[in-house]
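Architecture at a glance
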Amino acid sequence: MMSKLTAVDKSMVSGRLSGLLTYSNFVHAVSGATGSVIAMAVFYPLETVRTRLQVHVGRQAKHAPVEALDIMKEEGISSLYQGLFPVLVTLCCSNFVYFYTYNGLKTTLLEEGSKPGPVKDLLMAFVSGVINVVITNPLWVVNTRIKIQGLKCGTEKQKTAPTPLYRGIIDGLCKIASQEGLSALWNGTAASIILASNPSIQFMVYETIKRYFQQFFKSKELSGFLYFIIGAISKMVATVATYPLQILQSRLRAGSKKSEHSKKITQSLLNIIRSEGFLGLYRGMEAKLVQTVLTAALMFLCYEKIAAFIFRIMGIKT
């Protein structure tokens, strides 16, 4: 009897693993990574402006276009693309992990005959986000440091503070680990794990709206315009809901004082409110909304079309 149960358990495990290690999941991961790289490359200057607005504590917040003009005037137009290559490499790795995990969970957890739904989408997206954060957080810490190093339009304290020069991702990882300790590479991880709710909400809204239009048009593949609009709406909802935590995440990754890292997230958020007012929790949101909504919309459009193209030429039905 026990041997029969063991055999059943083994077959179930092997079945689950075979659901994870599929060509379909790999195609989704490559398509998601490629789409995110294309979208970020197009809208990267907005990402630079957003990061500067979030981490420039004590400096008067400006509208995104004004901040972009200030950066170009004081540092040159090339500064809007500072750290582009490391961000694209990190984003490619991050979204590959995320899309592979998310689609792998869909394959293994949604048994044949079971219907997907908003709650299932939310849970699978959250688990995928947590796995992604734990694996790729060090890369994002380095990227944030690279984007703000040598800035000339920050606060006086930021301009005069001695900071190491990071020549790339590997150099940044080594310098941060040796000078600040390995734990510094996971600065902001707690906020990032909670912020896994951002892509969770995004994917829940995206998948729900996409399923509605697929049923409405009686077609599994939608137009590029619809993918763009659905991606924009889903990211807007997720960003507004989680923005205060993104402020905290950016500041921790930028290298705030160690005493700040030990504080609870709620305490850190209250400190921002005390020092900068309630609006401090939404500092730079204009730039973030413009950047993240456009980037997500273009990313989903590219992802869906690339995946559909690959599946079509390989003759694979999804």
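Our subject is the structure listed above.
Below: a short report on this structure.

So, how was this worked out
- Residues numbered from 1 in each chain as written.
- Predicted model: local features only at pLDDT ≥ 70, side-chain atom pairs only at ≥ 80, totals over all residues.
- Heavy atoms only, no water.
- 1 Å grid on protein atoms, 1.4 Å probe; cavity = no way out; pocket = protein on both sides within 12 Å on 5 of 7 lines; lining within 4 Å.
- Points joined across faces, edges and corners; volume = space filled by probe spheres on them.
- Helix = DSSP H or I, 4+ residues; strand = E, 2+ residues; numbered from the N terminus.
- Buried < 20%, exposed > 50% of the residue type's maximum accessible area, 1.4 Å probe, protein only.
- Polar contact = N/O pair within 3.5 Å; in protein donor to acceptor, adjacent residues only side chain to side chain.
- Contact = heavy atoms within 4.5 Å.
- Core = buried A, V, L, I, M, F, W, Y, C linked by side-chain atoms within 4.5 Å.

Description of empty space enclosed by the protein
Under the definition given, this model contains one cavity of 30 Å³ or more. Here the largest cavity defines a volume of roughly 890 Å³. Forming the walls of the largest cavity are 39 residues, and the residues nearest its centre are L91, N95, W140, K235 and K288. Among the elements of the structure, α2 (23–55), α4 (84–109), α5 (118–148), α9 (197–217), α10 (224–253) and α13 (285–314) are those that each provide at least two residues to the lining of the largest cavity. With nine residues, the top contributor of residues to the lining of the largest cavity is α5.

So, unusual backbone geometry
Non-glycine residue K218 carries a positive phi angle of around 55 degrees. When you line up the elements, K218 lands in the loop between α9 and α10. Given the relative accessible area of 76%, K218 is considered exposed.

Points about the side chain of T295
Tracing the backbone shows T295 in helix α13. Assessed through its relative accessible area of 9%, T295 is described here as buried. Among the polar contacts made by the side chain of T295, one reaches the main-chain carbonyl oxygen of Q291 at a distance of 2.6 Å. Residue contacts for T295: discarding those within four places in its chain leaves A39, M40 and F43.

A short note on the nonpolar core
Core analysis: the largest hydrophobic core is formed by 20 residues, its most contacted members being Y98, F99, Y102, F203, M299 and F300. Put simply, the parts of the chain that give this core at least two residues each are α2, α4, α5, α9, α10 and α13. Leave out the neighbours within four places in its chain, and F300 touches Q202, F203, Y206, Y227, G231 and S234. Counting residues in hydrophobic clusters, the runner-up holds nine residues, among them L195, I247, L281 and M285.

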